Amino acid sequence: MDIALNTLFGFPVEKELAEEINTTAKRVQVEQGEEMIRPGQSLKYMPILIRGNIKVMRPHENGGHLLLYHLEQGQTCSMTLNCCMADAQSEIYAIAETSTELLMIPIHKMEEWMKKYHSWRKFILNSYHSRMMEMLESIDSIAFSHMDARLERYLSEKAHVQGKAQLSITHQEIAEDLNTSRVVISRLLKKMESEQKIQLHRNLIQLL
DNA sequence: ACATTAAGTGATT
DNA sequence: AATCACTTAATGT
């Protein structure tokens, strides 16, 4: 296995760490739509995303899931880190939004490397920081924005992680991610269309 | 041609 | 913003 860790992390990595990662990490391929982490599950590995993207959601009693954020290349899930370090169970639900490739690092390694390698510590702390900021953004948008703003944010994030301006998605699916009803989404999308922001088709939304 | 699923809309709370 | 009830449009069999 030979992965460009410098590119993945965004800064130089110690040679010894790169070697350790290459020998201990399991490289895993996950198909689109596959369930990766379930609430209540205890975690033995921390994932680092090599390719693709992952949807992280907070489950609710009524069976719905509220979208928290997406994970992209070079990122790891801070909720997972939390669980690993506290030896706790998952509070979140994660599925692969596209087919993805991951490095799975055993959690005991993760703690060991925190002490040994500066670049690893930096990677973990950076990850924590950026996940935390995204979480704050999500909280802001839920608490202080109305559904129209949340929807626009949702669409642009979706377009960003998929690298496309055409989203193959139904109004119902959007409604589930935002924990609202399909009717509301349909109305707001219709409004956006009349404002020339998007074009609507069956199972497809074209961003302009 | 018929059934099913996605999307659009007015009225009500 | 949510829900109901209904319509219309697109797709599958």
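These remarks concern the structure in this document. (Residues numbered from 1 in each chain as written. Chains lettered and ligands numbered in written order. Predicted model: local features only at pLDDT ≥ 70, side-chain atom pairs only at ≥ 80, totals over all residues. Heavy atoms only, no water.)

### Comments concerning the packing of aromatic side chains
Aromatic rings in a pair are described by how distant their centres are and how their planes are angled relative to each other.
Next up, step 1: Evaluation of the coordinates by the stated rule reveals five aromatic pairs.
Next up, step 2: Ring centres 6.3 Å apart and planes at 45° place the aromatic pair Phe9 and Trp120 in the tilted group. With Phe9 in helix H1 (residues 5–9) and Trp120 in helix H5 (residues 118–144), this pair connects stretches of sequence that are 111 residues apart. Across the pair, Trp120 and Phe9 agree in class, each one buried.
Next up, step 3: Between the aromatic rings of Trp113 and Trp120, the centroid separation amounts to 5.1 Å while the plane-to-plane angle is 85°, which identifies the pairing as edge-to-face.
Next up, step 4: The class of Trp120 is buried, set by a relative accessible area of 0%.
Next up, step 5: The rings of Phe9, Phe11, Trp113, Trp120 and Phe123 are connected pair by pair, giving a single aromatic cluster.
Next up, step 6: In this arrangement the basic side chain of Lys122 is found over the ring face of Phe11, its NZ or CZ atom lying 4.4 Å from the centre. (Phe/Tyr/Trp six-rings, centres within 6.5 Å; stacked < 30°, edge-to-face > 60°. Helix = DSSP H or I, 4+ residues; strand = E, 2+ residues; numbered from the N terminus. Buried < 20%, exposed > 50% of the residue type's maximum accessible area, 1.4 Å probe, protein only. Lys NZ or Arg CZ within 6 Å of the ring centre and 35° of its normal.)

### Digging into the sheet that holds strand S6 (residues 93–96)
Next up, step 1: Taken in spatial order, the four strands make up an open sheet running S2-S6-S4-S5, and their pairing is antiparallel. One side of each edge strand has no neighbouring strand; the edge strands of this open sheet are strand S2 (35–37) and strand S5 (65–71). Averaged over neighbouring strand pairs, the angle between their axes works out to 30° when direction is ignored.
Next up, step 2: Taken together, the two bridges between S2 and S6 define a ladder with antiparallel strand orientation. Across the sheet, the residue bridging to Glu35 is Ile95, located in S6. (Pairing = 2+ DSSP bridges. Axes fitted to C-alpha atoms, helices over the stretch in contact; angles between N-to-C directions.)

### Here's the deal with H5
Next up, step 1: Under the 1.5 Å per step criterion, the end-to-end length of H5 is 38 Å for 27 residues, consistent within 8% with the ideal 39 Å.
Next up, step 2: All buried positions along H5 are accounted for by Ser119, Trp120, Phe123, Ile124, Ser127, Tyr128, Arg131, Met135, Ser138 and Ser141. (Expected span 1.5 Å × (residues − 1).)

### Regarding the protein's contact with DNA strand C
Next up, step 1: Residues in contact with DNA strand C, as listed here, are His146, Met147, Thr180, Ser181, Val183, Val184, Arg187 and Arg202.
Next up, step 2: If you look at DNA strand C and keep only atoms within 4 Å of the protein, 65% of those are sugar or phosphate atoms.
Next up, step 3: Contact distances for DNA strand C include 3.0 Å between a phosphate oxygen and a side-chain N or O atom of His146.
Next up, step 4: Within the side chain of Arg187, one N or O atom sits 3.4 Å away from a base oxygen of DNA strand C.
Next up, step 5: Of all the elements, helix H8 (residues 182–194) adds the most residues to the surface near DNA strand C, at three residues.
Next up, step 6: Residues belonging to the surface near DNA strand C are distributed by class as follows: three nonpolar, three polar and two charged. (Near = heavy atom within 4 Å. Polar contact = N/O pair within 3.5 Å; in protein donor to acceptor, adjacent residues only side chain to side chain. Nonpolar A, V, L, I, M, F, W, Y, C, P; charged D, E, K, R; others polar.)

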